[in-house]
Amino acid sequence: MEKITYPLRTNIGYFLNKPIGYSREFEINFPEIFIDPDLYAKNLIGKYSFSRTREGLLLRAELEADIDSQCSRCLEPLLVHVNTKFEDLYVFEPRMKEEMDEEHVPSDGYIDLGIPFRDYLLLEIPMNSLCKPDCKGICLECGQNLNEGDCEHHHSIQFE
Ligand SMILES: [Zn+2]
Ligand SMILES: [Zn+2]
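Below is a short write-up of the structure. Along each chain, the written sequence defines residue order, and numbers are assigned to residues from 1. By the order in which they are written, chains take letters starting at A while ligands take numbers starting at 1. Two thresholds apply to this predicted model, a pLDDT of at least 70 for residue-level local features and 80 or more for giving and counting side-chain atom pairs, whereas whole-chain, interface and lining totals are computed over all residues. To get the side-chain values, all heavy atoms of the structure are used, and hydrogens and water are removed first.

Considerations on the packing of aromatic side chains
Note the following rule: Working definition: rings of Phe, Tyr and Trp (its six-membered ring) pair if their centres are within 6.5 Å, and the pair is stacked with planes under 30 degrees apart, edge-to-face with planes over 60 apart, and tilted otherwise. The buried label applies to any residue whose accessible area, calculated with a 1.4 Å probe on protein chains only, is under 20% of its type's maximum; exposed applies above 50%, and partly exposed to all values in between. Both a distance and an angle decide whether a charge sits over a ring: NZ of Lys or CZ of Arg must be within 6 Å of the ring centre and within 35 degrees of the ring normal.
Counting across every chain of the model gives 10 aromatic pairs. Judged by centre distance (5.9 Å) and plane angle (80°), the rings of Tyr48 and Phe50 are edge-to-face. Each member of the pair, Tyr48 as well as Phe50, is classed as buried. Across from the ring centre of Tyr110, 4.4 Å away, lies the NZ or CZ of Arg9, which sits over that ring.

What follows is the structure, encoded as C-alpha cells:
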C-alpha cells in the first residue's frame, strides 16, 4: 500500500474570505489509508463539511471505516467496522486564554483532518472485540491459541 504521509491534509484557508454561513461539503473514499501514527483503516468512506461561522469554521463529519484491531481474547488481528459522527470548531484566532486549547485555523490555512478523524474513529472501537463470539482465547501459560488446539495446561478461566 502506498503510504501518503498526510492524506487528509486540507486547505481551509480560503474559507476566511467567504461570508458567514458559507458551507461546502466533501466526500471521501479511501479503500486503504494509514493515519499517523497508528491507525490503519480500510474502506474509510463518508462526508464532511466546513461551514463558516462568526468564530471560525465548523467541521461536521460522518465517517465509517474498517479498522485494524485485535481480538481481546486471542489477540488475532481483526477488522472492526466503526461509524462516527462529530463536530469540531476551528477558531480563527484564539482571543481569550480559555480558548487557547481549541482547535484553530493555522496561518498557512492547512489543517490535517487525519487528527480528528483518527481520534473519533478510535473512540468507536469497542474495548472487547472478538474474532468470534465463542473465541476460546489463549492459554495464559504457554500462549497457545485455544481456537486452534488444546495444550497441556488446565484452563479454568471463564470469559464473561
Ligand atoms: Zn479471538
Ligand atoms: Zn498452555
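Still to come is the rest of the account.
Looking at the coordination of the zinc ion (ligand 1)
What counts here: Distances decide who is a donor: an N, O or S atom must be within 2.8 Å of the metal, or within 3.2 Å for Na, K and Ca. Water is not included, so sites may look incomplete. For a four-donor site, all angles between 85 and 135 degrees give tetrahedral; for four or six donors, opposite pairs above 155 degrees with the remaining angles between 65 and 115 give square planar or octahedral; all remaining cases count as irregular. The numbering of helices and of strands both runs from the N terminus, where a helix is a DSSP run of H or I of at least 4 residues and a strand a run of E of at least 2.
For the zinc ion (ligand 1), the full set of protein donor atoms is Cys71 (SG), Cys74 (SG), Cys131 (SG) and Cys135 (SG), and the range of their distances to it is 2.3 Å. Around the zinc ion (ligand 1), the four donor atoms sit at angles spanning 106 to 114°, and that spread fits a shape best called tetrahedral. In the primary structure, the donors to the zinc ion (ligand 1) are separated according to the pattern C-x2-C-x56-C-x3-C. Here the residue Cys71 occupies a position in the loop between β4 (56-70) and β5 (77-91), and Cys135 occupies one in the segment after α1 (114-123), the gap between them amounting to 64 residues. A relative accessible area of 0% means that Cys71 is categorised as buried.

Some points on α1
Helical geometry: 3.6 residues make up each α-helical turn, so side chains three or four residues apart lie on a common side. Where we set the bar: Residues are treated as being in contact if the distance between any of their heavy atoms lies within 4.5 Å.
Those residues of α1 lying buried are Gly114, Pro116, Phe117, Arg118 and Leu121. On the buried face of α1, the contacting elements are β2 (23-35), β3 (39-52), β4, β5 and β7 (110-112).

Focus: unusual backbone geometry
For the bond running from Asp36 to Pro37, omega is 0°, close enough to zero to count as cis. Along the chain, the position of Pro37 falls in the loop between β2 and β3. Although it is not a glycine, Leu75 adopts a positive phi angle of roughly 70°. In this structure, Leu75 sits in the loop between β4 and β5. Judged by its relative accessible area of 43%, Leu75 is partly exposed.

Observations concerning the sheet that holds β3
Backbone hydrogen bonds hold the strands of a sheet together, and the pairing may be parallel or antiparallel. Rules: Should DSSP find at least two bridges between two strands, the strands are taken to pair. To get an axis, a line is fitted to the C-alpha atoms, and for a helix only the part in contact is used. The angle between two axes follows their N-to-C directions and goes from 0 to 180 degrees.
Pairing is mixed across the open sheet formed by five strands, whose spatial order is β2-β3-β4-β5-β6. Only two strands of the sheet have a single neighbouring strand rather than two, namely β2 and β6 (103-104). Pairing of β4 with β5 involves 15 bridges; the strand directions are antiparallel. By the bridge assignment for β5, Ser69 is matched with Leu78. Contacts from α1 reach β2, β3, β4 and β5 within the one sheet, and its direction differs from that of β5 by about 130°.

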